[in-house]
Amino acid sequence: MRRALDEAAEAVRGGDVPVGAVVLAEDGTVLATGHNEREAGGDPTAHAEVLALRRAAAGLGQWRLAGCTLVVTLEPCTMCAGAIQQSRVDRLVYGARDEKAGAAGSLWDLLRDRRLNHRPEVIEGVLAEECARLLTEFFRTR
Ligand SMILES: [Zn+2]
């Protein structure tokens, strides 16, 4: 999560909301990182999670990320929860909850929906205060 927080700080440079993500292999090796680049790239889908998942898959040469863990500073939105589900990662670890748009326990709980055949383990609240503080500070300066 510390690595994801470093990534989140990078997002601010491009004028983006500070959210950072890291994809870890089964042995804990960092496969890829990502931070929000929506403003920087003018891309509505350039959320930290999507970018990190794409890079991890590109690095491994396959879309299926079974065995991997995605760590992200903020609870994923519906798009990212969908991408997480599609990527087949085994585990999602996130920091702060997103009560306004979260799709992993707050507004929706897509990843633990029993109607889906792939349901990754979800661990929330890791360094939650630090992750949330970064966001609060960002929005305060706007
Ligand atoms: Zn998202």
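Our subject is the structure listed above.
Report on the accompanying structure. Along each chain, numbering runs from 1 in the same order as the chain's sequence is written. With the structure being a predicted model, the display of local features is reserved for residues of pLDDT at least 70 and the display and counting of side-chain atom pairs for 80 or more, all residues being used for whole-chain, interface and lining totals. With hydrogens and water set aside, each side-chain value is computed from the structure's full complement of heavy atoms.

Here we look at the pattern of salt bridges
Proximity of charged atoms lets side chains of opposite charge pair with each other.
Moving on, step 1. The working definition used for a salt bridge is a side-chain nitrogen of Lys or Arg within 4 Å of a carboxyl oxygen of Asp or Glu. Across all of its chains, the model carries nine salt bridges by this definition.
Moving on, step 2. Across the pair Arg13 and Glu10 runs a salt bridge whose closest N-O atoms are separated by 3.2 Å. Taken together, the positions of Arg13 and Glu10, both in helix α1 (residues 2-13) and three residues apart, correspond to about one turn of that helix.
Moving on, step 3. Between buried and exposed lies partly exposed: a residue is buried under 20% and exposed over 50% of the maximum accessible area for its type, with that area taken using a 1.4 Å probe on protein chains only. What makes Glu10 partly exposed here is its relative accessible area of 31%.
Moving on, step 4. Here Arg91 ties to Glu121 by a salt bridge, and the two come within 2.9 Å at their closest N and O atoms. Residue Arg91 is located in strand β4 (residues 91-96), and its partner Glu121 is located in strand β5 (residues 121-124); the two are separated by 30 residues in the primary sequence.
Moving on, step 5. By relative accessible area, Arg91 is classed as partly exposed at 29%.
Moving on, step 6. The partly exposed category is assigned to Glu121, whose relative accessible area is 40%.
Moving on, step 7. Because the salt bridges share partners, they merge into one network encompassing Arg97, Glu99, Asp109, Arg112 and Glu124. Labels follow the DSSP assignment, with helices taken as runs of H or I lasting at least four residues and strands as runs of E lasting at least two, numbered in each case from the N terminus.

What to know about the packing of α1 against helix α5 (residues 128-140)
Moving on, step 1. Interaxial angle, 0 to 180 degrees, is taken between N-to-C directions of lines fitted to C-alpha atoms, where a helix line uses only the stretch in contact. The N-to-C vectors of α1 and α5 enclose an angle of 10°; their axes lie 10 Å apart at closest approach. One finds that α1 runs roughly parallel with respect to α5. Here Arg2, Leu5, Ala8, Ala9 and Val12 of α1 lie close against α5, whose contacting residues are Glu130, Cys131, Leu134 and Phe138.
Moving on, step 2. Amino acids outside the nonpolar list (Ala, Val, Leu, Ile, Met, Phe, Trp, Tyr, Cys, Pro) and the charged list (Asp, Glu, Lys, Arg) are all regarded as polar, and Gly is one of them. Split into classes, the residues belonging to the contact of α1 with α5 amount to seven nonpolar, no polar and two charged. With respect to orientation, any angle under 35 degrees is reported as roughly parallel, any angle over 145 as roughly antiparallel, any angle of 65 to 115 as roughly perpendicular, and every other angle as oblique. For this analysis, residues touch if any pair of their heavy atoms sits within 4.5 Å.

Some thoughts on the coordination of the zinc ion
Moving on, step 1. The zinc ion binds to the protein through His47 (ND1), Cys77 (SG) and Cys80 (SG); the donor distances cover 2.0 to 2.3 Å.
Moving on, step 2. Only nitrogen, oxygen and sulfur atoms qualify as donors, and only when within 2.8 Å of the metal (3.2 Å in the case of Na, K and Ca); with water excluded, sites may look incomplete. Mapped onto the polypeptide sequence, the residues donating to the zinc ion form the spacing pattern H-x29-C-x2-C.
Moving on, step 3. For Cys77, a relative accessible area of 18% corresponds to the buried category.
Moving on, step 4. Of the residues examined, Cys80 reaches a relative accessible area of 0% and is grouped as buried.

A closer look at the sheet that holds strand β2 (residues 30-35)
Moving on, step 1. A pair of strands counts as paired when DSSP detects no fewer than two bridges linking them. With respect to topology, five strands assemble into an open sheet ordered β2-β1-β3-β4-β5, the strand pairing being mixed. In this open sheet, the two edge strands, each paired with only one partner strand, are β2 and β5. Pairwise comparison of adjacent strand axes, ignoring direction, gives a mean angle of 15° for this sheet.
Moving on, step 2. Pairing analysis gives five bridges linking strand β1 (residues 20-24) to β2, with the strands arranged antiparallel. Directly across from Gly20, in β2, lies its bridge partner His35.
Moving on, step 3. Contacts between α5 and the sheet are confined to β3 (69-74) and β4, with β4 contributing the most and set at about 60° to the helix.

A look at the pairing of β3
Moving on, step 1. By the criterion of burial, β3 is predominantly enclosed, with six of the six residues buried.
Moving on, step 2. In this sheet, β3 lies alongside β1 in antiparallel orientation, the contact comprising four bridges. In the sheet register, Leu24 faces β3, and the bridge partner there is Thr69.
Moving on, step 3. With five bridges connecting them, β3 and β4 associate as parallel partners. Paired with Val72 across the bridge in β4 is Tyr94.

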